[in-house]
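# Fold and geometry: a report
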Amino acid sequence: MWQSYVNGLLVALGLIMAIGTQNAFVLAQSLRREHHLPVAALCVACDALLVAAGVFGLATVLAQNPTLLAVARWGGAVFLIWYGSQALRRAFSKQSLDQGENQTVRSLRAVMLSALAVTLLNPHVYLDTVLLIGSLGAQQSVPGAYVVGAASASLLWFFTLALGAAWLAPWLARPSTWRILDLVVALMMFTVAGQLIIAN
């Protein structure tokens, strides 16, 4: 059970830590202190639901087709190795998170609708959360523990951004910070890929 939980935690953390539209949105709202906690909660809830849909939907399909299971296993390993390699490449390039100023204070409804759009209209969400995380979770010995691990990663990451944004802002603006994060992401991806490759 714990191995499945840890795998879900590591894979999800590795995917959501990369700079992306959802992270940038949460961080921007947090820096402005504009409904940042509801936004973080919404992102966590969406991630948990999408992961669960991917894991349990794919689990049924894969369990009935050993060939698809093998394809998912090796395809997942290849993707994780590629993703880790991309993170290594980013680690050696300049990057920072540029947050623009926004003087307009929006309503909770407007902010939450924007958060939903950023989360659900991004095709990478479905590739990463439903297909990749879901297909990997469907192969775990305890898929439910994997889902909880992935949800824990989302909870940890988004509420860290939401609660610590003002304090973290100068740190997050440094390219060296994202280099370290990308190195950690690469290590996580390579570790889980290795487990898939050596799995029986």
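Residues numbered from 1 in each chain as written. Predicted model: local features only at pLDDT ≥ 70, side-chain atom pairs only at ≥ 80, totals over all residues. Heavy atoms only, no water.

Keep this limit in mind: UniProt positions are given in the numbering used here, feature names are shortened, and annotations may be inferred rather than shown by experiment.
Within an unreviewed UniProt entry, the label attached to the protein chain reads Lysine efflux permease, and the organism entered is Pseudomonas koreensis. Under the Subcellular location (unreviewed entry) heading, UniProt states for the protein chain: "Cell membrane".

## Comments concerning the packing of aromatic side chains
Which entries qualify depends on this criterion: Within 6.5 Å between ring centres, the rings of Phe, Tyr and Trp (the latter by its six-membered ring) count as paired, and their orientation is classed by plane angle as stacked under 30 degrees, edge-to-face over 60, tilted in between. The way it works is that DSSP assigns letters per residue, a run of H or I at least four long becomes a helix, a run of E at least two long becomes a strand, and they are numbered from the N terminus. Accessible area is worked out with a 1.4 Å probe on protein chains only. A residue is then buried under 20% of its type maximum, exposed over 50%, and partly exposed in between.
Under the counting rule described, the total for this entry stands at one aromatic pair. Each ring, one from Trp 2 and one from Tyr 5, has its centre 5.7 Å from the other, and the planes form 80 degrees; the classification is edge-to-face. Residue Trp 2 and its partner Tyr 5 are located together in helix α1 (residues 2-16), separated by three residues, close to a single helical turn. By relative accessible area, which is 22% here, Tyr 5 ends up partly exposed.

## Some remarks on the UniProt feature "transmembrane region" (unreviewed entry) in the protein chain
When the UniProt feature table is mapped onto this chain numbering, "transmembrane region" (unreviewed entry) sits at residues 6-27, 39-62, 68-88, 108-126, 146-168 and 180-198. Helix makes up 100% of residues 68-88 and strand 0%, and the two end C-alpha atoms of the span are 30 Å apart. For residues 180-198, helix accounts for 100% and strand for 0%, while the C-alpha atoms at its two ends are 27 Å apart.

## A few points about the pattern of salt bridges
The following threshold applies: Salt bridge, as used here, is a side-chain nitrogen of Lys or Arg placed within 4 Å of a carboxyl oxygen of Asp or Glu.
Under the counting rule described, the total for this entry stands at one salt bridge. Arg 106 serves as the salt-bridge partner of Glu 34, at 3.7 Å between the closest nitrogen and oxygen. In this pair, Glu 34 is assigned in the loop between α2 (21-32) and α3 (36-63) and Arg 106 in the loop between α4 (66-91) and α5 (108-120), connecting sequence segments 72 residues apart. Looking at Glu 34, the relative accessible area reads 5%, which means it is buried.

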